[in-house]
Amino acid sequence: MTWYLFKLFIHKISFFGLTFARLSMMNFRFNILLFLLLIALVSSCRKDRISILLEELSTPTNAILYDITFTDIDTGYVVGGFHWQHGEWLRTIDGGDTWRSDTFAYTAMLGIHIGSTGKALVVGFDGNAHYKINTASSWQNYYPPEQETINALDFYDENTGVAVGGKNFEYGVIYRFSDMKGSADTVYYPLNHELRDVQFTDKNTVHTVGYGYVARSLDGGFTWQANSIQGDFFFALDFPTSEVGYAVGRSGTIIKTTNAGKDWTKLRNGNNLFVSNEKFRDVLFKNEDEGYIIGDAGLFWVTRDGGDSWEIVENTPDVTFNRLFYQNGRGYIAGEAGKIYRFID
C-alpha cells in the first residue's frame, strides 16, 4: 500500500510539472502575441508628419481670440477678449497683414456672424450679445432671455439663425433668431448638455454638437432630434456639403456622417485605451476629403482622404488654437494671446 501511494505521488508530481511547463509555454506565447498586437496598434496609430508654414500675423492685442471669419479675400473679422474684463473685435482689410482692434462689452465674445449686407452679430459669455446694422456703425446691446453663455451661432440668411450655448457641461440653450438685431426666441432651456457649435446646411437643416450630444433640426431650428452617438465632449463640427459632415471632441474623438446627420460613425475613438487623448477644438474641411483639425498646444492635423488617415503638422507654436477659417487657398487660425496665423495649403 505504501509503495502504491509513493508511485501515485511521483506520478502526480510528474503530471503537474508537465502541466505547469505547458502553462508556462502557453503564457509565453500569449505574451508574445500580446506584444506583437501592441506593436501593430502603435504602428497603425502613428501619424506621418508634414510641414505647413504658419505665418504669425501682427495684432494689437494679447486677448484670447475665439472666432474668425472673412467676408471676402481681404476683409476679415475676429472676436475674443477676457472673461469678466472686456470683449474685442478685430478687423482687417488687407487679408490679415494688418488688424485694427475695437474694445467693447465687459466680457469676451465667443462667436461672430457677418451677414451679406454687412450686419454683424456677436455672442459671448453670460448671455452677452451685440449687433451692428453695418460693420461701420456702433455696437448695440442685446440680452437674450436666458443669461447663459452663447458659444456659437450660424445664419442661413439674415432672417434665419440659430445660436447655442450653456455652461458646466450642462444648462444647454438653443435660440432661434428671426433677424440679426437680436430678436431671438428660446427653443430649449435647460438642455442637459452644454452645446458648443452649430451649422446650417440648408434653410431647414441645422446641426449642433456639445457635451455627449449630437443633434439636427429639419425645420430651421425649432425642433431637434438627438443622435445616439455619444462618448465625448464634441466641441466643433463642419459640413463641407449638405450630406457629409465631421465633428471632433475634447478627448480626441472624430465622427463622420455621409447622410446629412441621420447616422454618424466614429473614425477615431478618443476613449479607446490604445488611442492617444487629443484635445481637439475645431474642425474644417475644404471639401469632402481634405480637412484640418486644430487644438491645444499647437495641435494641427491634416487629412486628404476624408478622415481615414491624418498627418501631423510639425513645428507648430505651443499655442492653443481655437478657430479655423479657410478660403481661396489660404487658411487662418485664431488662438490665445492675440495670436492669428495664416497658412497656404
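Just above, that's the structure.
Notes on the structure follow.

### Description of the overall build of the chain
When helices and strands are counted, the chain shows one helix and 29 strands. Burial analysis of the chain (345 residues in total) assigns 50% to the buried set. Across the chain, contacts joining residues at least 24 apart in sequence account for 43% of those joining residues at least 6 apart. Approximately 16,600 Å² of the chain is accessible, and the part contributed by carbon and sulfur atoms is 52%.

### Brief notes about a nonpolar patch on the surface
On the surface, a nonpolar cluster with roughly 380 Å² of combined accessible area is contributed by Trp 84, Tyr 106 and Tyr 143. Here Trp 84 lies in the loop between β4 (76-82) and β5 (86-92). Residue classification places Trp 84 among the exposed positions, given a relative accessible area of 59%.

### Regarding the packing of aromatic side chains
This structure, assessed with the given rule, holds 25 aromatic pairs. Ring geometry for Tyr 156 and Phe 200: centres 6.4 Å apart, planes at 45°, overall tilted. Of the two residues, Tyr 156 is situated in strand β11 (residues 150-157) and Phe 200 in strand β15 (residues 195-200); the sequence distance between them amounts to 44 residues. Put simply, the rings of Tyr 246, Phe 280, Phe 285, Trp 301 and Trp 310 touch in pairs and so form one group of aromatic residues. One residue, Arg 196, lies across the ring of Phe 235, its end atom 4.0 Å from the ring centre. Across the ring face of Phe 235, the terminal group of Arg 250 is positioned such that the distance to the ring centre comes to 5.2 Å.

### Focus: the sheet that holds strand β17 (residues 213-217)
With respect to topology, four strands assemble into an open sheet ordered β15-β16-β17-β18, the strand pairing being antiparallel. This sheet does not close on itself; its edge strands, each paired only once, are β15 and β18 (225-226). The pairing of strand β16 (residues 206-210) with β17 spans five bridges and is classified as antiparallel. Paired with His 207 across the strands is Arg 216, a residue of β17.

### Remarks on the nonpolar core
Residues Tyr 292, Phe 300, Phe 321, Ile 333 and Phe 343 are the most contacted members of the largest nonpolar core, which totals 16 residues. Looking at this core, the element that brings in the most residues is strand β27 (residues 321-327), giving three residues. Those residues within four positions of Phe 321 in sequence are excluded, and the remaining contacts are Leu 54, Arg 281, Ile 294, Gly 295, Gly 298, Leu 299, Phe 300, Ile 333, Ala 334, Gly 335 and Tyr 341. Membership of the second largest hydrophobic core comes to 14 residues, among which are Tyr 131, Phe 155, Met 180 and Ala 184.

### A look at the pattern of salt bridges
Scanning the entire structure with this criterion turns up 15 salt bridges. Here Asp 97 and Arg 342 are joined by a salt bridge, their closest N and O atoms 2.9 Å apart. With Asp 97 in the loop between β5 and β6 (100-104) and Arg 342 in strand β29 (residues 340-344), this residue pair connects regions lying 245 residues apart in the sequence. Given the relative accessible area of 44%, Asp 97 is considered partly exposed. Its relative accessible area of 9% is what places Arg 342 among the buried residues. The partner of Asp 296 in a salt bridge is Arg 250, with the nearest N and O atoms 3.1 Å apart. Of this pair, Asp 296 sits in the loop between β24 (291-295) and β25 (300-303) while Arg 250 sits in the loop between β20 (245-249) and β21 (254-257), and the two are 46 residues apart along the sequence. For Asp 296, a relative accessible area of 22% gives the class partly exposed. Beyond isolated ion pairs, a larger network of salt bridges with shared partners links Asp 67, Asp 197, Asp 282 and Arg 323.

### As for a negative patch on the surface
On the surface, Glu 288, Asp 289, Asp 305 and Asp 308 cluster together into a negatively charged patch. Here Asp 308 shows up in the loop between β25 and β26 (311-313). What makes Asp 308 exposed here is its relative accessible area of 64%.

### Examining the side chain of Glu 148
Inspection of the secondary structure assignment puts Glu 148 in the loop between β10 (140-142) and β11. Residue Glu 148 is classed as buried on the basis of its relative accessible area of 6%. Excluding anything up to four places from it in sequence, Glu 148 contacts Asp 126, Gly 127, Lys 167, Tyr 171, Val 173 and Tyr 189.

### Focus: unusual backbone geometry
The residue after Tyr 189, namely Pro 190, is reached through a cis peptide bond having omega -10°. With respect to the helices and strands, the residue Pro 190 is situated in strand β14 (residues 184-191). Of note in this structure, Asn 315 is not a glycine but carries a positive phi near 60°. Position of Asn 315 relative to the elements: it lies in the loop between β26 and β27. Positive phi values are uncommon outside glycine, yet Asn 328 reaches one of about 50°. Inspection of the secondary structure assignment puts Asn 328 in the loop between β27 and β28 (330-335).

### Observations concerning the sheet that holds β5
As summarised here, the arrangement of the four strands in space is β3-β4-β5-β6, forming an open sheet in which the pairing is antiparallel. Of all the strands in the sheet, the pair left with one neighbour each is β3 (64-70) and β6. Each adjacent strand pair in this sheet contributes to an overall mean axis angle of 20°, direction not counted. Two strands pair when backbone bridges link them, and β5 and β6 are joined in this way by five bridges, in the antiparallel orientation. Paired with Glu 88 across the two strands is Thr 103, which belongs to β6.

Rules used throughout
- Residues numbered from 1 in each chain as written.
- Predicted model: local features only at pLDDT ≥ 70, side-chain atom pairs only at ≥ 80, totals over all residues.
- Heavy atoms only, no water.
- Helix = DSSP H or I, 4+ residues; strand = E, 2+ residues; numbered from the N terminus.
- Buried < 20%, exposed > 50% of the residue type's maximum accessible area, 1.4 Å probe, protein only.
- Contact = heavy atoms within 4.5 Å.
- Areas by Shrake-Rupley, 256 points an atom, 1.4 Å probe, with all protein chains shown as cover.
- Patch = residues over 30% accessible without salt bridge, like charges linked within 9 Å, V, L, I, M, F, W, Y side chains within 5 Å.
- Salt bridge = Lys/Arg side-chain N within 4 Å of Asp/Glu carboxyl O.
- Phe/Tyr/Trp six-rings, centres within 6.5 Å; stacked < 30°, edge-to-face > 60°.
- Lys NZ or Arg CZ within 6 Å of the ring centre and 35° of its normal.
- Pairing = 2+ DSSP bridges.
- Core = buried A, V, L, I, M, F, W, Y, C linked by side-chain atoms within 4.5 Å.
- Lys, Arg positive; Asp, Glu negative; His and termini not counted.
- Charge placed at Lys NZ, Arg CZ, Asp CG, Glu CD.
- Axes fitted to C-alpha atoms, helices over the stretch in contact; angles between N-to-C directions.

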